[in-house]
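One letter stands for each residue in the lines below.
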Amino acid sequence: RAAPGAGALRARRAVARGASRPVAMTVAADTAIQFVKGTNETSVPDVKLTRSKDGTNGTAFFWFSEPDVFEATELEGEITGMFLIDQEGELSTVDVNAKFLNGKPQGIEATYVMKSTSDWNRFMRFMERYAEDNGLGFAAKK
């Protein structure tokens, strides 16, 4: 059974005419996720959350399917971590792994660990802003 506040954020995506894959519809926002400093990731992730029963710690698991950072790294630089940026500042993790199939990039997995209730609350404030900016919804595990 999932702890209170655990669940998954899923993107609502729209398909542009003639697009070969779903395109995330985004608007200018105050929140961003970056893998390369200064370059916003436009691929909207699936996010799964877990939280301890006593609420003192938790983990967020991110999956970015076909992120555009793979193309950006050729021009901008190396992936040095995942940076969650909003009006309060920046959260970051270096637990980031690219997944490949037959030598072609498929996606990125990233894990963000929260070690206190204040870390959890700060992360949730970021996710609420990010969700609002990117048309995400919250689905609690049943």
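Just above, that's the structure.
Just so it is clear, the model here is predicted, and its values are computed rather than measured.

J.: Got a minute to help me understand the sheet that holds strand β2 (residues 32-36) in this structure?
T.: In a beta sheet, neighbouring strands are held together by backbone hydrogen bonds and run either parallel or antiparallel to one another. Taken in spatial order, the 4 strands line up as β3-β2-β6-β7 in an open sheet, and their pairing is antiparallel. Edge positions in the open sheet fall to β3 (39-40) and β7 (89-93), since each of these has one partner strand only. Note: β2 against strand β6 (residues 82-86), 3 bridges, orientation antiparallel. Paired with Ala32 across the bridge in β6 is Ile85. Where helix α2 (residues 117-134) meets the sheet, it contacts β2, β6 and β7, and its direction lies at approximately 75 degrees from that of β6.

J.: Whenever I open this one, the pattern of salt bridges confuses me. Can you help?
T.: Note that side chains of opposite charge can pair when their charged atoms are close. Scanning the model with the defined rule gives 7 salt bridges in all. A salt bridge links Arg122 to Glu88; its shortest N-O distance comes to 3.5 Å. Here the residue Arg122 occupies a position in helix α2, and Glu88 occupies one in the loop between β6 and β7, the gap between them amounting to 34 residues. For Arg122, a relative accessible area of 10% translates into the label buried.

Conventions and cut-offs
- Residues numbered from 1 in each chain as written.
- Predicted model: local features only at pLDDT ≥ 70, side-chain atom pairs only at ≥ 80, totals over all residues.
- Heavy atoms only, no water.
- Pairing = 2+ DSSP bridges.
- Helix = DSSP H or I, 4+ residues; strand = E, 2+ residues; numbered from the N terminus.
- Contact = heavy atoms within 4.5 Å.
- Axes fitted to C-alpha atoms, helices over the stretch in contact; angles between N-to-C directions.
- Salt bridge = Lys/Arg side-chain N within 4 Å of Asp/Glu carboxyl O.
- Buried < 20%, exposed > 50% of the residue type's maximum accessible area, 1.4 Å probe, protein only.

Interpretation note: all reported values are geometric properties and have no functional meaning in isolation.
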